[in-house]
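# Examining the three-dimensional arrangement
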Amino acid sequence: MNGPISVAGVSVAPGERRHLFPSASEAYTGDRTTLPMAVINGTADGPRVFVTAAVHGDELNGIAVSRGLLDRLDPATLAGVVVVVPIVNVLGVQIGSRYLPDRRDLNRSFPGSHDGSMAARIARLLVEEVIVGSDVGIDLHTAANHRTNVPQVRVDTSDRRAHDLAVAFGAPFVLDARLRPGSLREVAGDRGVSVLTYEGGGPLRFDEDAIDVALRGVLRVLQRLGMIHAAPPPAHPAPMVLHASRWLRAHRGGLLELHVAAGDHLTPGRPLWTTVSPLGEERATHEATEEGFVIGATTLPLVQPGQAILHVALPGDRLPAEDDPSEEEDEDPEATEEP
């Protein structure tokens, strides 16, 4: 039999679901900023899993996934514990921003501190009350501003548990992605917690396809861990595991005409995009130079030289660190963060 657990100073008994609102910081008005979370303690013993969403405040798909998950979990039939935090960056969500009001990126602020910035305080609360003591985490994201991502799971594939769960998740792609300093995934990994980072869709909207892939995937991970009895079939029964990626950038500025779509298989010589001057006098077409799969793309129809256009995952081994932009280039290209 399972036993009671304590989260944020609240005891949750076996077979019980509790909604908690621990204080994370304060707004400019002095109002408390709380971190809403649901703690579901099953009746049988099992792993502890956390699900987080909206670490970036403009990435909304995970909020819908969290709601769907909470509708489906019953503590009476659950083995283990599930902690769901549907909105981590509460203040960012309120203003429709990827960042906190002080322009800090919460996903570069872990493990945080009790007396640091607002981002540091929220990060510390999440680490102490949600991440520590967990076995597995699923962190739900979308692409950054003016971009979209094909549903994909990013993990450190050298972590065999994370690799196995990422394949079971059932997204089209599993990407072996480097850990970024200060990220939730890095800090959780340092504490022995395997984290799957899901990317799907774009910011400030609900993408029903990306939400469906994610909800199926989370339930499939719970089933794989023996926590629930049944789960939906995978959105993609044979995910492709890829170990390298790069962003392809525009050589010329102008109006953008994309010739490929997210998820497409690329072969050398295939036209990828054309840039056209506003009067149509100059045209420049970029072609693929190697095999790959489009896993992300810009949604802006106007581009400048050097702007990232397509994120392409490559078959083969992982790129050298200096050539692998898979994590860095998911940041907002227009960001002006404070150091």
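Note that the coordinates shown come from a computational prediction; the quantities given were computed from them, not determined experimentally.

It is worth spelling out the pairing of strand β4 (residues 23-26) at this point. Pairing geometry for β4 and strand β5 (residues 32-34), over 3 bridges, is antiparallel. From the neighbouring strand, S23 faces β5, where its bridge partner is T34. Following β4, the chain reverses through 5 residues before pairing antiparallel with β5; G30 in that reversal takes a positive phi of roughly 90°.

The strands making up a sheet associate through backbone hydrogen bonding, with each pair oriented either parallel or antiparallel. One open sheet holds the 4 strands; their spatial order is β18-β17-β15-β20, and the pairing between them is antiparallel. The sheet is open, and its two edges are formed by β18 (283-287) and β20 (302-303), each paired on a single side. Of the pairings in the sheet, the one linking strand β15 (residues 254-258) to β20 comprises 2 bridges and is antiparallel in character. Residue L255 lies in a different strand from β20, and its bridge partner there is L302.

This part takes up the nonpolar core. L69 and F169 are the most contacted members of the largest nonpolar core, which has 36 residues in total. When near neighbours in sequence (up to four residues on either side) are disregarded, F169 contacts I138, V153, L196, Y198, V213, A214, G217, V218, R220 and V221.

It is worth spelling out empty space enclosed by the protein at this point. Under the counting rule described, the total for this entry stands at 2 cavities of 30 Å³ or more. Reported here for the second largest cavity is a volume of approximately 30 Å³. Around the second largest cavity, the lining residues are N61, G62, V65, L140, H141, Y198, A210, I211 and A214. For the lining of the second largest cavity, the secondary structure elements donating two or more residues are α1 (61-72), β9 (136-141) and α6 (208-224). When the residues that make up the lining of the second largest cavity are grouped by side-chain class, the tally is 6 nonpolar, 3 polar and no charged.

Before going further, it helps to spend a moment on the packing of α1 against α6. One way to put it is that α1 packs onto α6 with a least axis distance of 9 Å and a crossing angle of 45°. The orientation of α1 relative to α6 falls into the category oblique. Viewed along their axes, α1 and α6 form a crossing whose handedness is right-handed. In this structure, α1 contributes N61, A64, V65, G68, L69 and R72 to the contact, and α6 contributes A210, I211, A214, L215, V218, L219 and L222. Of the residues that constitute the contact of α1 with α6, the class distribution is 10 nonpolar, 2 polar and 1 charged.

Turning our eyes to something else, we now look at the packing of helix α4 (residues 160-169) against α6. Packing of α4 against α6 brings their axes to within 8 Å, and their N-to-C directions diverge by 130°. In terms of orientation, α4 lies oblique with respect to α6. Along this stretch, α4 crosses α6, giving a crossing that reads as right-handed. Seen from α4, the contacting residues are D164, L165, A168 and F169; seen from α6, they are V213, A214, G217, V218, R220, V221 and R224. Tallied by class, the residues present in the contact of α4 with α6 amount to 7 nonpolar, 1 polar and 3 charged.

Moving on to the packing of aromatic side chains. This structure, assessed with the given rule, holds 2 aromatic pairs. Between F169 and Y198, the aromatic rings sit 5.5 Å apart at their centres with planes inclined by 25°, giving stacked as the arrangement. Remark: Y198 occurs in strand β12 (residues 194-201) and F169 occurs in helix α4; sequence separation between them is 29 residues. Both residues of the pair, F169 and Y198, belong to the buried class. Where F173 meets F293, the ring centres are 5.8 Å apart and the plane angle is 55°; that geometry is what we call tilted. Of this pair, F173 sits in strand β11 (residues 173-176) while F293 sits in strand β19 (residues 292-298), placing them 120 residues apart in sequence. The ring of W247 carries R147 above its face, with NZ or CZ at 4.4 Å from the centroid.

Below, the discussion takes up α4. Among all positions of α4, only A162, H163, L165, A166, A168 and F169 are buried. At the N-terminal boundary of α4, the capping side chain belongs to D159, with an oxygen 3.2 Å from the backbone nitrogen of R161. Positive backbone phi, at 90°, marks G170, one or two positions downstream of α4.

Another point: the pattern of salt bridges. Opposite charge on two side chains permits them to pair, given that their charged atoms come into close proximity. For the structure on display, the rule yields 12 salt bridges. Between R67 and D71 there is a salt bridge, and its shortest N-O distance comes to 2.5 Å. Separated by 4 residues within a single helix, R67 and D71 lie in helix α1, roughly one turn from each other. When its relative accessible area of 43% is taken as the criterion, R67 is described as partly exposed. The exposure class of D71 is exposed, given its relative accessible area of 57%. Note that D164 is salt-bridged to R224, the shortest N-O span being 2.6 Å. Taken together, the residues span a long stretch of sequence, with D164 in helix α4 and R224 in helix α6 at a distance of 60 residues. You can call D164 partly exposed: its relative accessible area is 31%.

A few words now on the confidence of the model for the protein chain. In low-pLDDT segments, the atomic positions of the prediction should not be examined closely. Per-chain confidence: the protein chain averages 92 in pLDDT, with 93% of residues scoring 70 or above. This stretch, residues 325-329, has a pLDDT under 50; its non-local contacts, to residues over four places away or in other chains, come to 19 contacts. Confidence drops under pLDDT 50 across residues 333-339; counting only partners more than four residues distant or on other chains, this segment forms 14 contacts.

Criteria and thresholds
Residues numbered from 1 in each chain as written. Predicted model: local features only at pLDDT ≥ 70, side-chain atom pairs only at ≥ 80, totals over all residues. Heavy atoms only, no water. Pairing = 2+ DSSP bridges. Helix = DSSP H or I, 4+ residues; strand = E, 2+ residues; numbered from the N terminus. Core = buried A, V, L, I, M, F, W, Y, C linked by side-chain atoms within 4.5 Å. Buried < 20%, exposed > 50% of the residue type's maximum accessible area, 1.4 Å probe, protein only. Contact = heavy atoms within 4.5 Å. 1 Å grid on protein atoms, 1.4 Å probe; cavity = no way out; pocket = protein on both sides within 12 Å on 5 of 7 lines; lining within 4 Å. Points joined across faces, edges and corners; volume = space filled by probe spheres on them. Nonpolar A, V, L, I, M, F, W, Y, C, P; charged D, E, K, R; others polar. Axes fitted to C-alpha atoms, helices over the stretch in contact; angles between N-to-C directions. Parallel < 35°, antiparallel > 145°, perpendicular 65-115°, else oblique. Left-handed = near helix turned anticlockwise from the far one by under 90°. Phe/Tyr/Trp six-rings, centres within 6.5 Å; stacked < 30°, edge-to-face > 60°. Lys NZ or Arg CZ within 6 Å of the ring centre and 35° of its normal. Polar contact = N/O pair within 3.5 Å; in protein donor to acceptor, adjacent residues only side chain to side chain. Salt bridge = Lys/Arg side-chain N within 4 Å of Asp/Glu carboxyl O. pLDDT = per-residue confidence, 0-100.

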